[in-house]
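One letter stands for each residue in the lines below.
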Number of protein chains: 2
Amino acid sequence: MNQDDHLHSLGAMVACLHQHNLRYLSRELEKYGIGGGQFRFLLALYHLEGIRPDDLSRLLMVNRATTTRALQRLEDAGYVLRTPDPLDRRALKVNLTEKGHRMHQFIQQLSKQRSESMLAGFSPEEKAQLRKLMEKAISNCREECK
Amino acid sequence: MNQDDHLHSLGAMVACLHQHNLRYLSRELEKYGIGGGQFRFLLALYHLEGIRPDDLSRLLMVNRATTTRALQRLEDAGYVLRTPDPLDRRALKVNLTEKGHRMHQFIQQLSKQRSESMLAGFSPEEKAQLRKLMEKAISNCREECK
DNA sequence: ATATATTTGTTGCGTATGCAACTAATATTT
DNA sequence: AAATATTAGTTGCATACGCAACAAATATAT
């Protein structure tokens, strides 16, 4: 039995990769006043200026409470701005600040580095394949949530 | 831009899959007195009777504190037994109880179902490929920790 | 042999997350 | 129009996790 044979389960493998990743990001982002949990919000927001927290939650498939708190922390640290939506006074609109855009650049680079570490020794085809298969799996999860 | 394009980052994709999975397991395992976080310990222990918590931590790549608490909860719920190692009085030896073995069966089945949900529409080759690539990625992470 | 270092497990504190209950606002029904 | 239902965001509580500090045991160095 080799060293990885305990991770029979796909879920266990995913958990392992996730926590490894989160640990890394937390350490790297600590000095910028944000935690590793915020990185995916910051990444997503770049492409979604003005999005409402609730829509962001659905896209990232996280609970609304999680989004609320991630955005609060990002706002406290000056990376995003939440403004009331004048057309629907229940809702907010979220935008990156200038600082947020700069941080996005940094995080994207960090994320790329992280990918390259995880995918060391992968051929370009293997990288593409992994991404494709994971997207398909996520798509299944999304389907299941409906 | 399609619905999954926000998940550019491999890390974000992994996080998404992990949390989806954890949510599912937490709901399913609630009635058995354990949380979704314990499932990978229970899965691993089946193949590792008598292992020490510290070795288990290394294999699963989690912090020792996490292992301590997962095993405490599993012991409280009657699924594992921790006995002092007579050869090294700092250490413990962990074993599944009878109840633990039965739960392992159940969890393995659950884990399989979960995989099948996530991998709906995958060909057998794609399933094998995904597993292979993820094992390789985990192996890279493990290397990085050394 | 004794002092020092390392190892194993535990605990306190902080972050990330989900669920359920809540408030305020909007939408729907009657 | 008023009553009811739904929606958006927030907050309290619980779990999962990491890190750092600790205690006890063992290993190493001197």
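In this report, the structure presented in the accompanying data block is examined. Values in this document were obtained by computation on a predicted structure and should not be read as measured data.

**Description of the overall build of chain A**
Then comes step 1: For chain A, the count of helices and strands is six helices and two strands.
Then comes step 2: Reading the helices (α) and strands (β) of chain A from amino to carboxyl end gives α-α-α-α-β-β-α-α.
Then comes step 3: Considered along the principal axes of its C-alpha atoms, chain A spans approximately 60 × 40 × 25 Å.
Then comes step 4: Out of the 146 residues in chain A, the part that is buried amounts to 32%.
Then comes step 5: Long-range pairs, those at least 24 residues apart, make up 48% of the contacts in chain A with a sequence separation of at least 6.

**Remarks on the protein's contact with DNA strand D**
Then comes step 1: Lining the immediate surroundings of DNA strand D are 27 residues, of which A:Asp54, A:Ala65, B:Gly35, B:Gly37 and B:Ala65 lie closest.
Then comes step 2: Among the secondary structure elements, those contributing two or more residues to the surface near DNA strand D are helix H1 (10–29), helix H3 (53–60) and helix H4 (64–76) of chain A together with helix H4 (64–76) of chain B.
Then comes step 3: A breakdown of the residues in the surface near DNA strand D according to their chemical character gives eight nonpolar, eight polar and eleven charged.

**Brief notes about the interface of chain B and chain A**
Then comes step 1: At the interface, 48 residues of chain B touch 49 residues of chain A.
Then comes step 2: Of all the secondary-structure elements, those providing two or more residues to the side of chain B that touches chain A are helix H1 (10–29), helix H2 (39–45), helix H3 (53–60), helix H5 (98–118) and helix H6 (124–145) of chain B.
Then comes step 3: The element that contributes the greatest number of residues to the side of chain B that touches chain A is H6(B), accounting for 13 residues.
Then comes step 4: Across the side of chain B that touches chain A, the residue classes tally to 25 nonpolar, 16 polar and seven charged.

**Observations concerning the relation of the copies chain B and chain A**
Then comes step 1: Once chain B is rotated about the relating axis by 180° and shifted along it by 0.0 Å, it coincides with chain A to within an RMSD of 0.0 Å. The transformation relating the two chain copies, once decomposed into turn and shift, fits a two-fold axis.

Analysis parameters
Residues numbered from 1 in each chain as written. Chains lettered and ligands numbered in written order. Predicted model: local features only at pLDDT ≥ 70, side-chain atom pairs only at ≥ 80, totals over all residues. Helix = DSSP H or I, 4+ residues; strand = E, 2+ residues; numbered from the N terminus. Buried ≥ 20, exposed ≤ 12 C-beta atoms within 10 Å, placed from the backbone. Contact = placed C-beta atoms within 7 Å. Near = placed C-beta within 6 Å. Nonpolar A, V, L, I, M, F, W, Y, C, P; charged D, E, K, R; others polar. Least-squares fit on C-alpha atoms with pLDDT ≥ 70 in both.

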